[in-house]
Structures are given as structure tokens and as C-alpha cells.
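Take a look at the letters that make up each chain.
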Amino acid sequence: MSVLNTKELRIIGFLCNWCSYGGADTAGVGRFTQPTDLRVVRVPCSGRINPLFILKSLLGGADGVLVSGCHPRDCHYAEGNFYARRRLELLKGFLPVLGIDPRRFEYTWVSASEGQRWQHVVEAFTAQIHGLGPARGWPEAPELEILNAVAR
Amino acid sequence: MSIQDDIKAAIAKALQDIPCVIGWGAGPEPLRATPLFMRNAADVENFTAGFLAVNNPALYLPSCKGVKTALVVKGCDARSVGQLVAENLVKRDELYLIGYPCSGVIDVDKVAARLEGKCEPGEVTRLREENEDVILDTPGGEVRLAKKDIAADKCARCRYPNAESADVFIGEKRAPVVDQDEYADLADFEKLSLEERKAFWEKELSRCIRCYACRNACPLCVCRDHCVASSREPHWLTQADGVRDKLFFQLIHATHLAGRCTGCGECERACPVGIPVLTLKRAFSRQVEDMFGYMAGIDVNTTPPLLTFRLEEPEIKEREW
């Protein structure tokens, strides 16, 4: 599942600074091998994640989006992930209305010590996105498409 | 027209100690009423309620903050007011609501469809109401249409025809049209496959001219000149003329209304190119109702679901990894 044996897809990960980013770091320090499709964006808290971040990623061509924060009750800011949970759950249910497969978006909780769990989450999610294949893009502005065609 | 006269009397009474009452008056053409800001007895004479009273007067409330204002409201307008109050965007004690039983409002697009190209809605010279029908004088003679055929979609699923939160209610309360909104329109839409839905939105949004009438008509879009869609920092939207940016604006609107939208349908009515933008908002409303049992604008004392949380969320089934 690396770039060596299949085409890499674009997966965006929004990770909270205090738990999941640390968890990903732990996984790295522990040398747990992971697929390389995930690009990580570090945010202060899962409560910082505007659902529009995810929608913008998916409309902009991401094949999958993964959000990860501290476990409920373990938020560094006490309650950020509680608000995030409600927003992200609503967003996940909304995606099919747009014609986007809801499996392209997942959210989960990984603590800073859970390097192994992080590896598992990345592997499982990357496999899921590879199962779905590349996302079909949304049309750009007509004039941009002409420019892109010329550039090619 | 006794209800009409009774409402006028109530407005005149309200004007004794409130500077402005917002309602509806005769519009530029017989099929349309227009918002009316009544400040004296002469203005009250132009007041009209009933089948043409389409606009949602709650739209003007955030800009009336700090000034005692009275509104004449339908059931759906009262819900918008209720949501603004619940979010503390307007103060209830600065408001005076005059309610009346609403029996549905006109959808001019449906009239246009019924006229079948024989004439434009703008060519209608007179509209008369006769019980459950309206009679239109057109260049080609009289046309009789049943009100239920040309009423807005939202009226067919109306649960709150009476402005329950009104300070004074004129007339007799009506029974709700339905007890439960089944979201049949969404269920219909969801018969499409994911690919077909995507193609649907691409086709619909390709007509969008980014006039933002949907935003300007929305009573809960309170940011006005500070809308993120017009901001450069963060730069959510480019000026590109593509479906992606057009759709993304609708997603901004829909996500910002999640758990707040009362389904008044003003966005969709205001759209000059007929994009079904309310569908996106109703998709969120249905989920909020199922997940949190919350309906926007009904109870001003309940915190909107996205402004609060519970430690355990029994309705949220998280994925097991």
C-alpha cells in the first residue's frame, strides 16, 4: 500500500496538536511503517476544525479526509472535541446529499501514546480510500479549464 | 376581510408606542406583495396579509437591534424570530409580534408554470381570492387556479401555521397541515445514485450567477457585510466562475445554517435562476431533528444543538477501528 506498488492517492489529515499529532509522532519514533498517502495538517484542537475545511478539501480534489483529535474527556481544552464530534457527525451524514461517498471522510480519536493505534487508523483508512479509488473532481471554471488544457 | 381589518386595528394600536411595524403591502404587480414598514395610520391602510404575504419579515430584525420593533408574522416567520431570540441575536422584549393563522402563500414560479406560456406572471392585471381559489385577469381572459396548486412547497408540509409565540393573535388558530415533516422531497432526491446527485448539483449550480440573493433573503444570515464568502482573509472563495466555487458558497450557507435553519424557504424563493438550495439546508435539518430532536425556532429556551454537547452522545454511533 505504498507508492511503490500502487498509485498514491491524496488523503488530507487534520490532527489536533495535543493528542493525534503526538500519536503520529509516536508512531514515527516507534518506526511503525505506514502508507504514505496521508498529508497531515496540524491544528490546535479538533474543535478548531471548521467542517468547511473538509468540504473544501473534498471539492478541491482530495480523495479522502481524516480528522483525528483527543479522546472525548481528554481534550487539552476540556471540551473542543465534544463540539467537534457533533459537527463532524452531521457533516458525515451530509456528504451523500452532494454525491460524495461518506466513506471518504472519517473522524476518530487517537491519543499521543497510541502510536500503534495511529498506524492502524492510517492503514485502515488508506485501504478504504484505495478501495473507493480516486475521487471524481468537480468542474473548475471554464476559463481555468482552457488554461489547464493549454498548459498540458 | 374581517381578519385583515382586525390586524390593521392591532397594528394601529401597536404604533401608539412602537415606532415601526413591519408587514406587507401591495407590491409592484398584482401577484406580489412587498415588505411594508408602517410608521403612521396612512401606511397601515396599505397593509395586506394573506396569500400574497410571502416575504419573511424576520429578515429585518437584526438591523433593528436596540429599537423596539413590531412584526406581523406567519407561523414560519415566527420560527425565524424564535431562532434569532434563541441565539440571542435579537432580544424578545424588544419585539412585539402580531400573529395570524396562515393558510399558505403563493409561489409565483408555480403560477408561471400553470399559465403555460400563455402569458407571463407580470402580465396579470388583477388577482382576486375566492375561498380556495384565485382568479387572475390575464390578457387572454380569466384564469382560475386552486390555491393549493400554486402555494409554496413549504406550505404543504407546514407544521406551524399559527405564530405560537405571538404577543397578540388575530383570528382562529388553524390545524397544522401535517403533524410530522417526513422530508419526502429529500427521500425522492435520494433515489438518485451518488453519481447522479453529483451530476444534479453540477447542472443546477452551473446556472448560479453568484448574486447572493439567497444569502440576502435569509433571516438567519446575520453576518451581512462580514460574510466569509466576501472575505480575503481567509480566502474561501475565488472569483472563478466555476461550479466548484458556486457550490462551495452554498455549502458555506448550508453549514452555517446547520441546526439553525427553520426552512422558511426564502433562499430558494429569492434565487433568480431557480436552484433548489433549500434541499441542502433541509438535509442538515433532518439530521439535526433525528439526532438531537431539535427543531429550530420552536423553543427559545433550548440551546441550539451545535452550541452545546453531551459527554455521552447516544445518537452518535462512532466508527470502531
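Let me begin by describing the structure that accompanies this report. Being a predicted model, the structure only gives us computed values, none of them experimental.

The rules behind these values
- Residues numbered from 1 in each chain as written.
- Chains lettered and ligands numbered in written order.
- Predicted model: local features only at pLDDT ≥ 70, side-chain atom pairs only at ≥ 80, totals over all residues.
- Heavy atoms only, no water.
- Helix = DSSP H or I, 4+ residues; strand = E, 2+ residues; numbered from the N terminus.
- Rg over C-alpha atoms; globule rule 2.2 N^0.38 Å.
- Buried < 20%, exposed > 50% of the residue type's maximum accessible area, 1.4 Å probe, protein only.
- Contact = heavy atoms within 4.5 Å.
- Areas by Shrake-Rupley, 256 points an atom, 1.4 Å probe, with all protein chains shown as cover.
- Lys, Arg positive; Asp, Glu negative; His and termini not counted.
- Charge placed at Lys NZ, Arg CZ, Asp CG, Glu CD.
- Pairing = 2+ DSSP bridges.
- Right-handed = clockwise from strand over helix to strand, strands pointing away.
- Axes fitted to C-alpha atoms, helices over the stretch in contact; angles between N-to-C directions.
- Parallel < 35°, antiparallel > 145°, perpendicular 65-115°, else oblique.
- Left-handed = near helix turned anticlockwise from the far one by under 90°.
- Nonpolar A, V, L, I, M, F, W, Y, C, P; charged D, E, K, R; others polar.
- Disulfide = S-S within 2.5 Å.
- Buried area = accessible area lost by both parts, 1.4 Å probe.
- Salt bridge = Lys/Arg side-chain N within 4 Å of Asp/Glu carboxyl O.
- Polar contact = N/O pair within 3.5 Å; in protein donor to acceptor, adjacent residues only side chain to side chain.

Further remarks concern the overall build of chain A. The helix and strand tally for chain A stands at 5 helices and 4 strands. Counted from the first residue to the last, chain A has its helices and strands arranged as β-α-β-α-β-α-β-α-α. Here the C-alpha atoms of chain A give a radius of gyration of 16 Å, agreeing with the 15 Å that 2.2 N^0.38 yields for 152 residues. A principal-axis box enclosing the C-alpha atoms of chain A has dimensions of 50 × 35 × 25 Å. Evaluated residue by residue, chain A yields a buried proportion of 51% over its 152 residues. Once local pairs closer than 6 in sequence are excluded, the contacts in chain A between residues at least 24 apart make up 79%. Of the roughly 6800 Å² of accessible surface on chain A, 54% is carried by carbon and sulfur atoms. Mean positive and mean negative side-chain charge positions of chain A (17 and 14 charges, respectively) differ by 2 Å.

Residues and elements named next belong to chain A. As paired elements, strand E1 (residues 11-16) and strand E2 (residues 38-43) share 6 bridges and run parallel to each other. Across the sheet, residue phenylalanine 14 finds its bridge partner in E2, namely valine 41. With respect to chirality, the unit in which E1 leads through helix H1 (residues 20-29) into the neighbouring parallel E2 is right-handed.

Attention shifts here to the packing of helix H3 (residues 80-98) of chain A against helix H11 (residues 278-292) of chain B. Packed helices, taken two at a time, are described by the angle their axes make and the gap between the axes. At a closest axis distance of 10 Å, the pairing of H3(A) and H11(B) adopts a crossing angle of 135°. Classified by the interaxial angle, the pair formed by H3(A) and H11(B) is oblique. Along this stretch, H3(A) crosses H11(B), giving a crossing that reads as right-handed. Contact with H3(A), carried on its side by Arg86(A), Glu89(A), Leu90(A), Leu91(A), Gly93(A), Phe94(A), Val97(A) and Leu98(A), involves Leu280(B), Ala283(B), Phe284(B), Gln287(B), Val288(B), Met291(B) and Phe292(B) of H11(B) and no other residues of that element. Looking at the contact of H3(A) with H11(B), its residues break down into 11 nonpolar, 2 polar and 2 charged.

Let us look at the state of the cysteines. One pass over the full model with this rule turns up 1 disulfide over all chains. Note on cysteine connectivity: Cys19(A) is disulfide-linked to Cys70(A), with sulfurs 2.3 Å apart. Taking the torsion about the sulfur-sulfur bond, which here is approximately 95°, the covalent link between Cys19(A) and Cys70(A) counts as right-handed. Linking Cys19(A) in the loop between E1 and H1 with Cys70(A) in the loop between strand E3 (64-69) and H3, this pair joins segments that are 51 residues apart in sequence. When its relative accessible area of 10% is taken as the criterion, Cys19(A) is described as buried. We classify Cys70(A) as buried; its relative accessible area is 2%. No disulfide involves Cys76(B); its nearest neighbouring cysteine sulfur is the one of Cys102(B), lying 6.0 Å away. Here Cys218(B) is not cross-linked by a disulfide; its sulfur's nearest cysteine counterpart is in Cys221(B), at 3.9 Å. For Cys218(B), a relative accessible area of 7% corresponds to the buried category.

With that settled, the discussion passes to the interface of chain A and chain B. Listed per partner, the contact involves 45 residues of chain A and 43 residues of chain B. Roughly 4200 Å² is buried in total at the junction of chain A and chain B, and carbon and sulfur atoms are behind 66% of that figure. When the area that chain A buries against chain B is broken down by residue, the three leading residues are Arg86(A), Leu90(A) and Val97(A), summing to 20%. Our count for the chain A to chain B interface comes out at 4 salt bridges. In this structure, Glu106(A) engages Arg319(B) in a salt bridge whose closest nitrogen and oxygen atoms are separated by 2.9 Å. For the pair chain A and chain B, the number of links is 16 residue pairs in polar contact (both at pLDDT 80 or more). Contributions of two or more residues to the side of chain A that touches chain B are made by helix H2 (51-59), H3, strand E4 (105-109), helix H4 (115-132) and helix H5 (142-151) of chain A. In terms of residue count, H3(A) provides more of the side of chain A that touches chain B than any other element does, 13 residues in total.

What follows concerns the sheet that holds strand E1 (residues 20-26) of chain B. Residue and element names in this part refer to chain B. Ordered in space as E2-E1-E3-E4-E8, the 5 strands form an open sheet in which the pairing is mixed. Each edge of the open sheet is held by one strand with a lone partner, namely strand E2 (33-38) and strand E8 (168-169). Seen against the sheet, helix H1 (residues 2-14) touches E1, E2, strand E3 (69-73) and strand E4 (95-99) and runs at an angle of roughly 165° to E4. Sheet strands in contact with helix H3 (residues 75-86) are E1, E3 and E4, and its direction is about 140° off that of E3.

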